[in-house]
Amino acid sequence: MNIADLVNSNSAGLPASSTTPGGKLRLEGVNLYYGSFRAVKDISLDIATCSITAIIGPSGCGKSSMLRLFNRMNDLIPSARVEGLVEFDGVDIYQPGVDVVELRKRVGMVFQKPNPFPMSIYDNVAFGPRRHGIRNRRALDEIVEKSLGQAALWDEVKDKLDQSGLSISGGQQQRLCIARVLAVEPEVILMDEPCSALDPIATLKIEDLMRTLASTYTIVIVTHNMQQAARVSDMTAFLMVDEDRAGTLVEYGVTSEIFTNPKNQKTEDYITGRFG
Amino acid sequence: MAGSNIKSRYLTQKTAMVLLVTATLLVVVPIILIIIYMIANGYSALSWDFLTQPPAQAGKAGGILPAIIGTIYLMLGTIIFALPVGVTAGIYLSEYARNNWVTRLVNMAIINLAGVPSIVFGLFGLGVFVMTLNLGMSLIAASLTLAAQALAMTITTSREAITAVPKEYREGSLAIGVSRWQTIRYVVLPQASPGILTGAILAMSRAAGETAPIIVVGAAFLVGGLPGSPFDRFMALPYHLYTVSAHIPGMPADIKWGVALVLIAMVLFFNILVTLVRFKSRKR
Amino acid sequence: MRKNYERSLRALQDEVLVMGSMVEKSILRSMEALKNRDLELARQIIAEDSAINQKRFDIEEQCVELIATQQPMAGDLRVIIAILNMVVDLERIGDHAEGVAKIAIMIGDEPPIKPLIDLPRMAEKASQMLREALDAFMRRDVVLAKKICDDDEEVDNLYNQVFRELLLIMAENPRTIGRATRLIWVAHNLERSADRITNICERVVFIATGHMEDIGASKY
């Protein structure tokens, strides 16, 4: 990544397309501070394109904070400060001049509690594209249908697109939020405990959805449900707090390895429920 | 023992209930009595002519149309000036301002502004709008003055309504690459608008009843016709009421009550409007 | 944490040790029945084999139940999977011992064709290997497990020796073929038992390292 690439890229300061082999997202020696409190300590890892990576660990170990590094949602907290390298497609996203809005279009996020806007289902999905300048009704119709289809929600809501986004069930609302993210055509989808507010059947539907989406998108999911991480992900990162209550990366590896033969005893203890 | 416990608990519940109901009645009953008294005394003055004719014989006959129109113009003028400033300030204070001493100072100033007596606003208006800006004693000067007074309320209600919008909506919007301003414009403001509207209507309703400031700044008792431009003098219901109550000898009693009734009716109308807006927004 | 679960896991492993010692006894006693022409003992061993089979099913059921209800992971999962495989091997060794007892009954009181020296040695070795394998399982001792696999060579050598001796005897005297063949079957049962024990050792290594290795590859 050199100055020429920066100059030749679009105005967002981000490369126009992914030219970096392998790593879609990368952390190197990253520390996250809230004021003087270090929440995340010295984390380095690589996330490959079109994979599902799960981040697990006990509560309060910095999983969500770490996830929010990738789309700079930590910026919303005034005291937050990041040290180290956070790369998306090989570009440091914290360097000055990066268009955060464009970044968040390409790195979308789904939250723990489904948060559809208080508008119709159609308007919810069309919200992002409309704000990005698409006005043509037919184009929007196509985008809405495609996104809802990708989110496995189209058949269930195609006859009630003008009903409020809040009128459907929790599991459907979460899929609506996923459709809303898909409508802006991101490359990465970050999911912060997307199923923790849902019932088991809704959870399984979303897990199936994730596997389908992984062929097109890179997915990073924070979950406190280990079985979910084992079911769904290709790679798993295990975080834990150290004595200073800073979250550190204990182990990061192929999911099947982590859950059958972890290298670190702390990982083994956590996974087998010997501590938690 | 169990038996006496139950009995004493029951007694306590009953006593509390009685006290609370009495307190409520103490509040509600006087208002109802006042309204009934006003209707009883002023009903006879009300007529179509009363509402649509200008006053005659120094207000002892004829109608109060100019005062009604003047009051309506005042309310509109107040809100035209107070609402945009109030909403913008509310947006800034809840979305952009950092939590430092400057912001705290600003918020404290707003609280204090709300407590300033209305006559002081009147003098402020006289000095700044009438004289310094050379607008003269006029409708526009009065509107600006009342707007200045209404600012405290519009800023506060806007700020509260915007802060009340759950942060999940903002996060959901920002997280799909929508800019800060677009989020405010398309997600936060629509969601906050019932609250903002409520504040605006309340401000208007309060402006309808202000007497002291408008006396100082431009209200007149008898003006030739309806105000033709914002720079004209104007009539207003509160001032009209004040004058006919205290300064015109031989004023028929029912006219005084009639004017009061019209004024109260207007204020009541707007308060009911506020309640309806609140009710509708809670339904969705 | 997870006290019940830990207790269940420990109980399960204890059950495997119990089954293992039942099988070990069967090996030794079946050889004893053969040597001493103790047909009563032989019948007892055949009857007791069903207890060994039942033990295997009990342990398998417990494994399935633990998997379904406790979602074991990592090391715990490997132990349970290993146990599921080990009890199959143990049960087959039990069957081999039963086979020796059956042969003892078949031989009955026919005149012996040669004194039994190597066969009891094979049985001794096999039962020692099994004892050590169970010990390695308990202590997750990879070094011990690998050594036991080396010991299998000794059993294989004894087998070849017995086979050659009996072939010679059969060649010299065709009337001994029946009895000699039966003795070859006994040797075969013991040699297979030792092979099964190396399987058990491979499972022990799997528990400790997470990898399945083929230890003690055949020299052919």
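Calculation rules
- Residues numbered from 1 in each chain as written.
- Chains lettered and ligands numbered in written order.
- Predicted model: local features only at pLDDT ≥ 70, side-chain atom pairs only at ≥ 80, totals over all residues.
- Helix = DSSP H or I, 4+ residues; strand = E, 2+ residues; numbered from the N terminus.
- Rg over C-alpha atoms; globule rule 2.2 N^0.38 Å.
- Buried ≥ 20, exposed ≤ 12 C-beta atoms within 10 Å, placed from the backbone.
- Contact = placed C-beta atoms within 7 Å.
- Nonpolar A, V, L, I, M, F, W, Y, C, P; charged D, E, K, R; others polar.
- Domains from an automatic or database assignment.
- Expected span 1.5 Å × (residues − 1).
- Pairing = 2+ DSSP bridges.
- Axes fitted to C-alpha atoms, helices over the stretch in contact; angles between N-to-C directions.
- Parallel < 35°, antiparallel > 145°, perpendicular 65-115°, else oblique.
- Left-handed = near helix turned anticlockwise from the far one by under 90°.
- Core = buried A, V, L, I, M, F, W, Y, C linked by C-beta atoms within 7 Å.

Observations concerning the overall build of chain B
Check the secondary structure of chain B and you find 11 helices and 2 strands. In terms of overall dimensions, chain B is more spread out than a globule: its C-alpha atoms have a radius of gyration of 24 Å, far above the 19 Å expected for 284 residues. Dimensions of chain B, computed from the C-alpha atoms along their principal axes, are close to 70 × 65 × 35 Å. The buried share of chain B, reckoned over its 284 residues, is 39%. Counting only contacts in chain B whose residues sit at least 6 apart along the sequence, the fraction spanning at least 24 positions is 76%.

Some words on the overall build of chain C
A count of helical and extended segments in chain C gives 6 helices and 0 strands. Counting from the amino terminus, helix and strand elements in chain C follow one another as α-α-α-α-α-α. Considering only C-alpha atoms, chain C reaches an extent of 70 × 35 × 20 Å along its principal axes. Taking all 220 residues of chain C together, 42% fall into the buried category. Counted over contacts in chain C with a minimum sequence separation of 6, partners at least 24 positions apart contribute 81%.

Quick look at the interface of chain A and chain B
Between chain A and chain B, the residue contacts involve 20 residues of the former and 15 residues of the latter. Class assignment of the residues belonging to the side of chain A that touches chain B gives a composition of 10 nonpolar, 4 polar and 6 charged.

Focus on the domain arrangement of chain B
All names here are of chain B. Segmentation of chain B into domains returns domain 1 (2-45) and domain 2 (49-283). On a C-alpha basis, the centroid separation for the pair domain 1 and domain 2 is 33 Å. Facing 6 residues of domain 1, the contacting portion of domain 2 comprises 9 residues. Here the residues of the side of domain 1 that touches domain 2 sort into 3 nonpolar, 3 polar and no charged.

Looking at helix 1 (residues 3-36) of chain C
Compared with the 50 Å implied by 1.5 Å per residue over 34 residues, the 49 Å span of helix 1 of chain C between its first and last C-alpha is a close match. At the exit of helix 1 of chain C stands Arg-37 of chain C, carrying a positive phi of roughly 55°.

Focus on the arrangement of the chains
There are 2 pairs of chains in contact here, and the one with the most contacts is chains A and B. The two units chain B and chain C remain apart, with a minimum C-alpha distance of 35 Å.

Remarks on unusual backbone geometry
All names here are of chain A. Residue Ala-152 is not a glycine yet carries a positive backbone phi of 55°. Note on placement: Ala-152 falls in the loop between helix 5 (137-150) and helix 6 (154-157). On the neighbour-count criterion, Ala-152 (18 C-beta atoms within 10 Å) is partly exposed.

Things to note about the pairing of strand 10 (residues 247-254) of chain A
All names here are of chain A. Taken together, the 7 bridges between strand 9 (residues 235-241) and strand 10 define a ladder with antiparallel strand orientation. Among the inter-strand pairings, Met-240 is bridged to a residue of strand 10, identified as Thr-248. Hairpin connection of strand 9 to strand 10: 5 residues between the antiparallel strands, including Arg-245 at a positive phi of 60°.

Quick look at the packing of helix 7 (residues 170-182) of chain A against helix 8 (residues 200-213) of chain A
Axes are the key here: two packed helices are described by the angle between their axes and the distance separating the axes. All names here are of chain A. Direction vectors running N to C along helix 7 and helix 8 enclose 20°, while the axes themselves pass 9 Å from each other. Taken together, the axis directions place helix 7 and helix 8 in an arrangement best described as roughly parallel. The crossing of helix 7 and helix 8 is right-handed. Residues Gly-170, Gly-171, Gln-174, Arg-175 and Ile-178 of helix 7 pack against Ala-202, Lys-205, Ile-206 and Leu-209 of helix 8. For the contact of helix 7 with helix 8, a count of residues per class yields 4 nonpolar, 3 polar and 2 charged.

Quick word on the environment of Ile-35 of chain B
Residue and element names in this part refer to chain B. Tracing the backbone through its elements, the reader meets Ile-35 in helix 1 (residues 2-42). You can call Ile-35 partly exposed: it has 14 C-beta atoms within 10 Å. Residues Ile-35 and Ile-264 lie 229 residues apart in sequence; the distance between their C-alpha atoms is 8.6 Å.

Structural notes on helix 7 of chain A
Note: α-helices contain 3.6 residues per turn, so residues at a spacing of three or four share the same orientation. Residue and element names in this part refer to chain A. Counted at 1.5 Å a residue, the expected span for helix 7 with its 13 residues is 18 Å, and the 18 Å between its end C-alpha atoms agrees. Summarising burial for helix 7: 12 of the 13 residues are buried, a large majority. The set of residues buried in helix 7 consists of Gly-171, Gln-172, Gln-173, Gln-174, Arg-175, Leu-176, Cys-177, Ile-178, Ala-179, Arg-180, Val-181 and Leu-182.

What about the packing of helix 10 (residues 237-246) of chain B against helix 11 (residues 253-283) of chain B?
All names here are of chain B. In contact at an axis separation of 9 Å, helix 10 and helix 11 are set at 160° when each is read in the N-to-C sense. Classified by the interaxial angle, the pair formed by helix 10 and helix 11 is roughly antiparallel. The two elements helix 10 and helix 11 meet at a crossing, and its hand is left-handed. Contact residues: Leu-237, Pro-238, His-240, Leu-241, Val-244 and Ser-245 in helix 10; Ile-255, Lys-256, Val-259, Ala-260, Val-262 and Leu-263 in helix 11. Considering only residue class, the contact of helix 10 with helix 11 consists of 9 nonpolar, 2 polar and 1 charged.

So, the environment of Ile-93 of chain A
All names here are of chain A. For Ile-93, the location among the structural elements is in the loop between strand 5 (91-92) and helix 3 (100-106). Classification of Ile-93 as buried rests on a count of 22 C-beta atoms within 10 Å. Every residue in contact with Ile-93, bar those within four places of it in the chain, is listed here: Arg-72, Val-86, Glu-87, Phe-88, Val-98 and Leu-103.

Describing the nonpolar core
Counting residues in hydrophobic clusters, the biggest one holds 201 residues, and the most contacted among them are Phe-70 of chain A together with Ala-126, Ala-133 and Cys-201 of chain C. Counting residues per element, this core draws most heavily on helix 6 (residues 139-164) of chain B, at 15 residues. Setting aside residues up to four positions removed in sequence, Phe-70 of chain A forms contacts with Leu-25, Val-86, Phe-88, Val-107, Val-188, Leu-190 and Val-220 of chain A.

Observations regarding the pairing of strand 1 (residues 23-34) of chain A
Residues and elements named next belong to chain A. The sheet contact formed by strand 1 and strand 2 (residues 37-48) spans 8 bridges and is antiparallel. Among the inter-strand pairings, Arg-26 is bridged to a residue of strand 2, identified as Asp-46. With antiparallel pairing between neighbouring strands as the criterion, strand 1 and strand 2 make up a hairpin whose turn holds 2 residues, including Gly-35 at a positive phi of roughly 70°. Pairing analysis gives 8 bridges linking strand 1 to strand 4 (residues 80-88), with the strands arranged antiparallel. Paired with Leu-25 across the two strands is Phe-88, which belongs to strand 4.

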